[in-house]
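Inside the fold
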Amino acid sequence: MSDCGKLDELGNAAPPEYPDKLNKIIHLFESLPEEERRETIVSYSENAKKQEPRPGEKFQLEDVRKDEECMDTVGVYLHVDENGKAHIRMTLGPEVQTLTRAMTAILCKGLDGCTPQEIVDLPSDFVTRIVGAELVRVRSQTIYYVLTRIKGICRVWLNRQRAAQAQVA
Amino acid sequence: MATNPSQYAHPEALVETDWLEQHLDDKNIRIVESNEDVLLYDTGHIPGAVHIDWRADLQDAVIRDYIAPDKFAELCSKNGITPDTTCIFYGDKANWWACYALWAFRLFGHEKVKILNGGRDKWKAEGRPMTKEKPSVAKTNYPTPKKRFDKEIRAFADEALAQSQAKKPLIDVRSPGEFKGEITHMPEYPQEGVLRGGHIPGAKSVPWKTATKEDNTFKSADELKKIYLEGCGVTPDKDTIVYCRIGERSSHTWFVLTYLLGLNNVRNYDGSWTEWGNKVGAPIEKSA
């Protein structure tokens, strides 16, 4: 079973609200008092660097760019393994904000092992459950940017797969 | 051009990183960090620094306005500040938010204020000490300010309109693209809900960054005089209004004009473009 799949109370397969790994992270944050939540966000932000590509890793898609709406260059790297599971790596420029760094680490861990389609279908309403409404402000909206970029690269991968399948057919 | 701080009108309004490192334990000062990145302080800050959040601490939760004087007194008391405490502000983005917090403190009449020249980035780039430890400060009993100095250092939309109609100095400190009306948000920022692009008629474009050097410190007094006094008609005998999108970048320019050039009649229009660009009946000019 996919890491992203889960069973409902009756044991029936139900569409997952969130991938299991991400769900655990969400529940962790929701259980924390505000001060500890902030500390945990900072801790995740400090782990963002660990999500960078490692020597020898190969990716089907790489998307490194500096967009208008983000402070610095953000790179997204996608590897889809032989089982169709996505593995994301990311690089962040030095100007990227703390919340965005934290969200990078959270998403790389929380979405690891999902299929590209599951990532594309993921709702974004979990963000406030992780960081809390107080920290999500107009000038912090770039936390959604990371999710948008990850979904974007997965969408490109899916489109290419579909195009390749159509050619074969 | 080399900077000689003594040439500024109020050189005492700036402290250098060297000086601050030697005064970290000075009981008469309170170091205040204020950033755009709301969690940056939590990742590490200057030892002893307290954090003032430009939105959660300084702005009213319901009305688009600053906190009431009693809340300001609470904020200062909580952070161990008395009316005699010298508050030294610093932060990210070349001190935008530090200047904004300083301006808000002046709004409540707190007089002993300074900026750390170069801000957080310079301090960090120089390898000076940082800590995650939040200081334990003794609570004070800051008296509730009797008034807010809105009339003296703050401008409202009707005053900005009157300034425009009277052809008095108005300085738009946003990016050139925002001034021209090509974009309605800062480059690298999300759209923040402004309907129309352009600038207040008659405003001169002097992006805030014009006042700083590469290391985020302020340019010399002579350079600043050329930019503002010779370059855009600001003079001590005329009122000047500065604005941006929400008043934070213009606080930086307000600090330059007020403290470094010594003009006494500069006001910050904090409603700025997020108000003017949406305001019914407000005239807008666009330019190439």
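Sequence order as written defines residue numbering, which begins from 1 separately in each chain. For naming, the first written chain is A and the first written ligand is 1, with later ones following in the order written. It should be noted that, the model being predicted, local features are given only for residues of pLDDT at least 70 and side-chain atom pairs only at 80 or more, the latter also being counted only at that level, while totals for whole chains, interfaces and linings use all residues.

Turning our eyes to something else, we now look at the overall build of chain B. A helix here means a DSSP run of H or I that spans at least four residues, while a strand means a run of E at least two residues long, and both kinds are numbered starting from the N terminus. What chain B contains, in helices and strands, is eleven helices and nine strands. Taking 2.2 N^0.38 as the reference for a compact globule, 288 residues should give roughly 19 Å; the C-alpha atoms of chain B span a radius of gyration of 18 Å, in line with that estimate. Principal axes of the C-alpha set define a box for chain B whose edges measure 50 × 45 × 35 Å. Evaluated residue by residue, chain B yields a buried proportion of 45% over its 288 residues. Counting only contacts in chain B whose residues sit at least 6 apart along the sequence, the fraction spanning at least 24 positions is 76%. Two things to know: the radius of gyration comes from C-alpha atoms, and the globule rule equals 2.2 Å times the number of residues to the power 0.38. With C-beta atoms placed from the backbone, a residue is labelled by how many other C-beta atoms lie within 10 Å of its own: buried for 20 or more, exposed for 12 or fewer, partly exposed between the two. Contact between two residues is assigned when their C-beta atoms, built from the backbone, lie within 7 Å.

A tally of regular secondary structure across chain A gives six helices and five strands. Listed N to C, the secondary structure of chain A is β-β-α-α-β-β-β-α-α-α-α in terms of helices and strands. Counting the 169 residues in chain A, one finds 35% classified as buried. For chain A, long-range pairs separated by at least 24 residues make up 63% of all intrachain contacts whose partners lie at least 6 apart in sequence.

So, about the sheet that holds strand β2 (residues 29-33) of chain B. Note on sheets: strands pair through backbone hydrogen bonds, and any given pair is parallel or antiparallel. Residues and elements named next belong to chain B. Two strands are said to pair when DSSP picks up at least two bridges between them. Pairing is parallel in the open sheet, where five strands are placed in the order β1-β5-β4-β2-β3. Each having just a single partner strand, β1 (14-15) and β3 (50-51) make up the two edges of the open sheet. Here two bridges tie β1 to strand β5 (residues 113-116), and the two strands are oriented parallel to one another. Bridge assignment links Val 15 to a residue of β5, and that residue is Leu 116. An axis is simply a line fitted to the C-alpha atoms; with a helix, the fit covers only the stretch in contact. Between two such axes, the angle follows the N-to-C directions and lies from 0 to 180 degrees. In this fold helix α4 (residues 96-107) packs onto β2, β4 (86-90) and β5, with an angle of close to 180 degrees to the strand it touches most, β5.

Attention now moves to the sheet that holds strand β5 (residues 86-92) of chain A. All names here are of chain A. The strand order across the open sheet built from three strands is β3-β4-β5, with neighbouring strands paired in antiparallel fashion. Two strands lie at the open edges of the sheet, namely β3 (61-65) and β5, each paired on one side alone. For this sheet, the mean inter-axis angle between neighbouring strands, taken without regard to orientation, is 10 degrees. By the bridge criterion, five bridges tie β3 to strand β4 (residues 74-80) in an arrangement that is antiparallel. Bridge pairing links Glu 62 to Tyr 77 in β4.

We now examine the domain arrangement of chain B. Residues and elements named next belong to chain B. Start and end points for every domain follow an automatic or database-based domain assignment. The domain boundaries assigned to chain B delineate domain 1 (5-148) and domain 2 (151-276). Computed over C-alpha atoms, the centres of domain 1 and domain 2 are 22 Å apart. Counting residues at the interface gives 21 residues for domain 1 and 21 residues for domain 2. For the side of domain 1 that touches domain 2, the secondary structure elements donating two or more residues are α4 and α5 (119-125). Top element by residues in the side of domain 1 that touches domain 2 is α4. It accounts for eight residues. Under the grouping applied here, Gly and all other residues not named as nonpolar or charged are polar, the nonpolar ones being Ala, Val, Leu, Ile, Met, Phe, Trp, Tyr, Cys and Pro and the charged ones Asp, Glu, Lys and Arg. Of the residues that constitute the side of domain 1 that touches domain 2, the class distribution is twelve nonpolar, six polar and three charged.

Helix-helix packing: each pair is described by the crossing angle between the helix axes and the interaxial distance. Residues and elements named next belong to chain A. Helix α3 (residues 98-110) packs onto helix α2 (residues 34-46) with a crossing angle of 75 degrees between their chain directions and a minimal axis gap of 7 Å. Between α2 and α3, the angle falls in the class roughly perpendicular. Here α2 contributes Ile 41, Val 42, Tyr 44 and Ser 45 to the contact with α3, which in turn contributes Thr 98, Leu 99, Arg 101, Ala 102, Ala 105 and Ile 106. Here the contact of α2 with α3 is built from residues that sort into seven nonpolar, two polar and one charged. Roughly parallel means an angle under 35 degrees; roughly antiparallel, over 145; roughly perpendicular, 65 to 115; everything else is oblique.

A few words now on the packing of helix α1 (residues 20-31) of chain A against α3 of chain A. Residue and element names in this part refer to chain A. Here α1 crosses α3 at 140 degrees, and the two axes come no closer than 7 Å. In this view, α1 runs oblique relative to α3, as classed from their interaxial angle. On α3, the residues touching Lys 21, Leu 22 and Ile 25 of α1 are Ile 106, Lys 109 and Gly 110. Grouping the constituent residues of the contact of α1 with α3 by class yields three nonpolar, one polar and two charged.

Residues and elements named next belong to chain B. Of the positions making up helix α7 (residues 157-165), those classed as buried are Ala 160, Gln 163 and Ser 164. With its buried residues spanning 100 degrees around the axis, α7 presents them on a single face. Along α7, the residues that are exposed and aim more than 90 degrees away from the buried face are Asp 158 and Gln 165. Summarising the contacts, the buried residues of α7 are in contact with β6 (170-172), β8 (240-243), β9 (266-269) and α11 (272-276). Backbone geometry just downstream of α7 places Lys 167 in the positive-phi region, at approximately 55 degrees. This arc corresponds to the set of directions leading from the helix axis out to the C-beta atoms.

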